[in-house]
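# Report on the structure
Each chain, letter by letter, is given below.
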Amino acid sequence: LCRAMRTDHEHGLRLARDVIRAVNELRLHHAMADGEHITVRIDADADVAAAVETHRRTIADGVRATSVEVGPAADGVPVPLNDAPARIAMRPVTP
């Protein structure tokens, strides 16, 4: 049981790192400043959604987000996450 839990945790961390990488690539593509804070919404499969819920703070810190939400992101950019289609929407935070 402990080994399965550790493996699940490691899988979740890997997915969280994949989300961080995808969001940071989108930041670069949209020429957003490194220090600019954003909000993020992710529409993805159940595994990625669970990883986002579990590792929300890690993801937020890794992409400088004031919020990271899971839910519909019809206006988001299509990205592959966990070998499945996903969408990521992000917005700059205005002071």
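Anything mentioned here points back to the structure above.
Residues numbered from 1 in each chain as written. Predicted model: local features only at pLDDT ≥ 70, side-chain atom pairs only at ≥ 80, totals over all residues. Heavy atoms only, no water.

### Structural notes on the nonpolar core
Basically, it comes down to this: Only buried residues count toward a nonpolar core. Its members are Ala, Val, Leu, Ile, Met, Phe, Trp, Tyr and Cys residues joined through side-chain atoms within 4.5 Å. Exposure classes here rest on a 1.4 Å probe applied to the protein chains alone. A residue is buried below 20% of its type maximum, exposed above 50%, and partly exposed in between. Helical segments are the DSSP runs of H or I of at least four residues, strand segments are the runs of E of at least two, and each set is numbered from the N terminus. Two residues qualify as a contact provided that any one of their heavy atoms is within 4.5 Å of a heavy atom in the partner residue.
Grouped together as the largest cluster of nonpolar side chains are 24 residues, with contacts concentrated most on Val40, Leu81 and Ile88. Put simply, the parts of the chain that give this core at least two residues each are α1 (2-29), β1 (38-43), α2 (46-54), α3 (56-63), β2 (65-70), β3 (77-81) and β4 (84-92). When residues in this core are grouped by element, the largest group, 7 residues, is from α1. Other than its neighbours up to four places away in sequence, Ile88 contacts Ala22, Val23, Leu26, Val40, Arg41, Ile42, Gly76, Val77, Val79 and Leu81.

### A look at the environment of Val23
Relative to the assigned elements, Val23 resides in helix α1. Filtering out sequence-adjacent residues up to four positions away, Val23 remains in contact with Ile38, Val40, Val63, Ile88 and Met90.

### Notes on the pairing of β4
Going by this rule: Strand pairing is defined by DSSP finding a minimum of two bridges between the two strands.
Two strands pair when backbone bridges link them, and β1 and β4 are joined in this way by 6 bridges, in the antiparallel orientation. Note on β4: the bridge partner recorded for Ile38 is Pro92. Pairing analysis gives 5 bridges linking β3 to β4, with the strands arranged antiparallel. Bridge pairing in β4 links Val77 to Ile88. With antiparallel pairing between neighbouring strands as the criterion, β3 and β4 make up a hairpin whose turn holds 2 residues, including Asn82 at a positive phi of roughly 60°.

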